[in-house]
Amino acid sequence: MAPIGPLLWRNLRIYKIYGANTDVGKTIVSSILCNASRRIWKNEATAYLKPVSTGPENEADDNHVKKFTKDVAQRTLYQYGLAVSPHIAARGHVISDASLLKSIYDFASERASSGPGWLFLETAGGIHSPGPSGTTQADLYTPLRCPVLLVGDWKLGGISSTISAFESLKMRGYDVESIVVFNDSQYGNFEYLKDYFGRRHGLAVTALSMPPPRSDARSEAEDEKSLLQYYRQESQTKGVRDILTHLHDRHQARVQDLEAMPVEAHKKMWYPFTQHKLLQPRDVLAIDSANGSYFQTLVPNSAAATNETALLQPSFDGSASWWTQGLGHGNSSLTLAAAYASGRYGHVMFAGTVHEPALKLAKMLLSSFKNPRLSRVFFSDNGSTGVEVAVKMALRAARIRYGRSSDAKIDILGLRGSYHGDTIGTMDCAEPNTYNEKVEWYEGKGAWLDYPQIRCVAGQWQVQVPSEMGSAHTENFSHISEIFHLERRIARGEHKLYEAYILSTIKKSLDQGRKFGALILEPLVLGAGGMVLVDPLFQHTLVQVVRQNSSIFGPELMPGHPGDDSVWKGLPVVFDEVFTGIYRLGRLTAASFLDVQPDISVHAKILTGGLIPLCVTLASEGILDAFASNEKSDALLHGHSYTAHPIGCQVAVESLNQLQSIEKSGGWDWAKANGWVQADNGTNASDTASGPQVWSIWPASLVRWLSLQSESIAGAWAVGSVLAIHLHASDGSGYGSAAAEGLRKRLLVGAGKTSGASWNVHSRVLGNVLYLMGNQLSTESEVAEISELLRQAIGE
């Protein structure tokens, strides 16, 4: 099923009617609005939709609307006979959330096609009343992005329930445009709510007259006559007219603001990684909202679209919002965690203090990573800063160990094409490249080794060894898991070629008088350097060579203790897991692929599930000891105002809890079974009994198919939620190549243009590489839809 888009058409004003509780008069309010809109906009249509209803059909809310309104189209999509909560009434006949949303979208699209007008969607019960699947309505309907009219609770306790309902909706990104409440003189809720919402939120609260009560002294016909008279009078009041005028104006403003955003942004924004001379307003994508795996974006050329054309479409977030998304956009659990910490702490300074979220997160990371070397956690705000902290830690430790002066020039060891961030210090950890070579203060301070790469080529998994290791050659493997079975490969002696190359390269640099202070690696995948999958055996061997040859780096004034994992050997080993860690590649740490552990480890991006910036740099006790002194100036004098901010820490704890729960419960078993982890004879499948599990949400069959498109594709790979497609590049590989632009643009055109429910894929390219990245909650059906669109785009 194609993704469901938001409900926004130029000619159709759609509002969802939520109630602060059950039995607060939502259907009465709906009937008033239907009558009033027909009276004011005589040449336009009005429709009423009840997605889910429970109870006898003759008592259904759409029958009430039909009886007490005129010329209003009304429909109930799913009627369950039992007068209980929908999740109970639907037992045995449960409709999925996706199917329910599609039915609503189809009805709205039908109404938009019939001409201008209004559509009022009435929910069932209170805002957290469950839908048929059990998902609460507040979460269920968020993808539709409908603005809300909230019916407050006029009864005793209604002040509290109305405010709570409003806050629950607001927390989930709903725009509550108006609040109405029946004016009951006994409880006086209206006066309090009017003052509260006006003062705190600038939101009008409108009082409606109480409907006439049913009377045993009157016949049913007389009751109906009395109610008809009530609707006639109430729908003509100034208050109701003002509500509809306000809702009309807000709809118009929403459309106008959305369509103006790209032009306004083009004039005012300075975008990252963007050549503004080449940027046009049409290139700026306006994002109205985001939910799950998708942005909700303004369709191209919306101003020229017909009135019945939807103005928003789902756009798969193909870069996981620059690799940050772990638990989907709009995850209400993460939002609630942020709100909790915000309410409890706001922000509190961290130097010499501690708060529960930071301590809990630190303990959680240290225990979960199971790295005996790591014992300390340093907080910062982003990956680049976190690596900069790591470099400061490592260089100080090496300087003290080897007795170097504070002004000695110290380099790092790394891999060619590595990228560790945009701050000056981390830029200096990378060889000259597109990202840094034109930056005025850049001064590369390192020696960078070449490495073997992994790709699936022509249906065969390969390790491509570069010529720097003697002669360029390719080693073939029947399964990707065989490449990751390091113990078996070491037993066969496959590491010896790497060992000789690494040792020779390091010694050449040392012979030139260079001094090294750290080994810095992106474990397994070089991200911004071109989505390169590195042979884990090479990185394993590199770490081992450094640790087993301490003497080549200089005489140790403070030698480590053999067998003590808290004391680093040779050089401090830094793993930059900003991109590759926290389940991005299917495991908690990317280090686990290499069968070695770092002395310093950096984690960010997915750490908070994609909600808020936070970074941690974990280090060993031996690294900490290098800063120990009676002089304050010898301390690690690094920090920022929002260090260990409680909101980020609390969100990270919630994110890690959810991700670990998914792993323990087998939440990714569907992906592993898609040709990755099972015993068969396929090119990509692995036998779980014979090797480590390496899997991806992207089907093994898709990777194989991509690898066979040899005219356009040089190779492909997938691990965890990452899929990388390396295209042939006549203009050369690397960041400056335009080889992947055509495929990116075809994915952006998308699908569903003829059916009216359009959607597309928003992706990023790294030169000749197009990559796609799901989040860790991306579903099998979502992946299947995107995979099919990708096949079509490549086949064009």
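Residues numbered from 1 in each chain as written. Predicted model: local features only at pLDDT ≥ 70, side-chain atom pairs only at ≥ 80, totals over all residues. Heavy atoms only, no water.

**Q** Can you break down the overall build of the protein chain residue by residue, with the values?
**A** Helix and strand counts for the protein chain come out as 24 helices and 27 strands. Against the 2.2 N^0.38 benchmark of 28 Å for 796 residues, the protein chain shows a C-alpha radius of gyration of 30 Å, consistent with a compact globule. With respect to the principal axes defined by its C-alpha atoms, the protein chain has extents near 105 × 65 × 55 Å. Across the 796 residues of the protein chain, 54% fall into the buried class. At a minimum sequence separation of 6, the contacts of the protein chain that also span at least 24 residues come to 74%. With the model as given, the accessible surface of the protein chain reaches about 33,100 Å², and the carbon-plus-sulfur share is 50%. In the protein chain, 73 positive and 79 negative side-chain charges are present, and the distance between their average locations comes to 3 Å. (Helix = DSSP H or I, 4+ residues; strand = E, 2+ residues; numbered from the N terminus. Rg over C-alpha atoms; globule rule 2.2 N^0.38 Å. Buried < 20%, exposed > 50% of the residue type's maximum accessible area, 1.4 Å probe, protein only. Contact = heavy atoms within 4.5 Å. Areas by Shrake-Rupley, 256 points an atom, 1.4 Å probe, with all protein chains shown as cover. Lys, Arg positive; Asp, Glu negative; His and termini not counted. Charge placed at Lys NZ, Arg CZ, Asp CG, Glu CD.)

**Q** Could you give me a rundown of the sheet that holds strand E9 (residues 294-298), with the residues and numbers involved?
**A** A sheet is described by the order of its strands in space; here four strands give the open sequence E8-E9-E10-E25, paired in mixed fashion. At either margin of the open sheet sits one strand with a lone partner, and together these are strand E8 (287-291) and strand E25 (760-762). The average undirected angle you get between the axes of adjacent strands in this sheet is 35°. The strands that helix H9 (residues 238-268) touches are E8, E9 and strand E10 (312-317); relative to E8, the one it contacts most, it runs at about 100°. (Pairing = 2+ DSSP bridges. Axes fitted to C-alpha atoms, helices over the stretch in contact; angles between N-to-C directions.)

**Q** So what about the layout of surface pockets? Which residues, and what values?
**A** Put simply, the second largest pocket is a space of about 1,400 Å³. The wall of the second largest pocket is formed by 42 residues, among which Thr27, Glu59, Asp61, His64 and Arg214 lie closest to the centre. Elements that contribute at least two residues to the lining of the second largest pocket include exactly helix H1 (26-40), strand E2 (45-54), helix H2 (61-68) and helix H8 (220-234). Here the lining of the second largest pocket is composed, by residue class, of 18 nonpolar, 12 polar and 12 charged. (1 Å grid on protein atoms, 1.4 Å probe; cavity = no way out; pocket = protein on both sides within 12 Å on 5 of 7 lines; lining within 4 Å. Points joined across faces, edges and corners; volume = space filled by probe spheres on them. Nonpolar A, V, L, I, M, F, W, Y, C, P; charged D, E, K, R; others polar.)

**Q** Please provide a residue-by-residue account of the nonpolar core, values included.
**A** Ranked by size, the top nonpolar core spans 149 residues in total, and within it Leu413, Met531, Phe538, Trp698, Leu723 and Leu790 carry the most contacts. Tallying contributions element by element places helix H13 (residues 383-402) first for this core, with nine residues. Sequence-distant contacts of leucine 723, defined by excluding residues within four places in its chain, comprise Trp698, Leu702, Val703, Leu706, Trp717, Ala718, Leu770, Tyr771, Leu772 and Leu790. (Core = buried A, V, L, I, M, F, W, Y, C linked by side-chain atoms within 4.5 Å.)

**Q** Describe in detail a positive patch on the surface, supporting the description with residues and values.
**A** Together, Arg39, Lys42, Arg232 and Arg241 make up a positively charged patch on the protein surface. Looking at the element boundaries, lysine 42 is found in the loop between H1 and E2. With relative accessibility at 60%, the residue lysine 42 sits in the exposed group. (Patch = residues over 30% accessible without salt bridge, like charges linked within 9 Å, V, L, I, M, F, W, Y side chains within 5 Å. Salt bridge = Lys/Arg side-chain N within 4 Å of Asp/Glu carboxyl O.)

**Q** Summarise unusual backbone geometry; cite the residues concerned and give the values.
**A** Within the chain, aspartate 23 stands out as a residue other than glycine whose phi angle is a positive 60°. One non-glycine residue, alanine 320, lies in positive phi territory at about 50°. Among the secondary structure elements, alanine 320 is positioned in helix H10 (residues 320-323). Assessed through its relative accessible area of 1%, alanine 320 is described here as buried.

**Q** Mind laying out the pattern of salt bridges, listing which residues take part and the relevant values?
**A** All chains considered together, the criterion is met by 30 salt bridges. Between arginine 75 and glutamate 110 there is a salt bridge, with its nearest N and O atoms 3.4 Å apart. Taken as a pair, arginine 75 in strand E3 (residues 72-80) and glutamate 110 in helix H4 (residues 97-113) lie far apart in primary sequence, 35 residues in all. Taking the relative accessible area as the measure of exposure, arginine 75 reaches 34% and is therefore partly exposed. Take glutamate 110: its relative accessible area is 40%, and that puts it in the partly exposed class. Here aspartate 288 ties to arginine 145 by a salt bridge, and the two come within 2.9 Å at their closest N and O atoms. A residue pair is termed long-range when its members are at least 10 positions apart, and aspartate 288 in strand E8 and arginine 145 in the loop between helix H5 (137-140) and strand E5 (148-151) qualify at 143 residues. Residue arginine 145 is classed as buried on the basis of its relative accessible area of 14%. Shared partners join several salt bridges into a network, and the residues in it are Arg145, Asp175, Arg254 and Asp288.

**Q** I'd like to hear about the pairing of strand E22 (residues 615-619), residue by residue, with values.
**A** Counting buried residues in E22 gives five out of five residues, a clear majority hidden from the surface. Examined bridge by bridge, strand E11 (residues 376-380) and E22 share five bridges and lie antiparallel to one another. Its bridge partner lying in E22, serine 380 is registered against cysteine 615. Examined bridge by bridge, strand E21 (residues 600-603) and E22 share four bridges and lie antiparallel to one another. For serine 601, the partnering residue across the bridge sits in E22 and is leucine 618.

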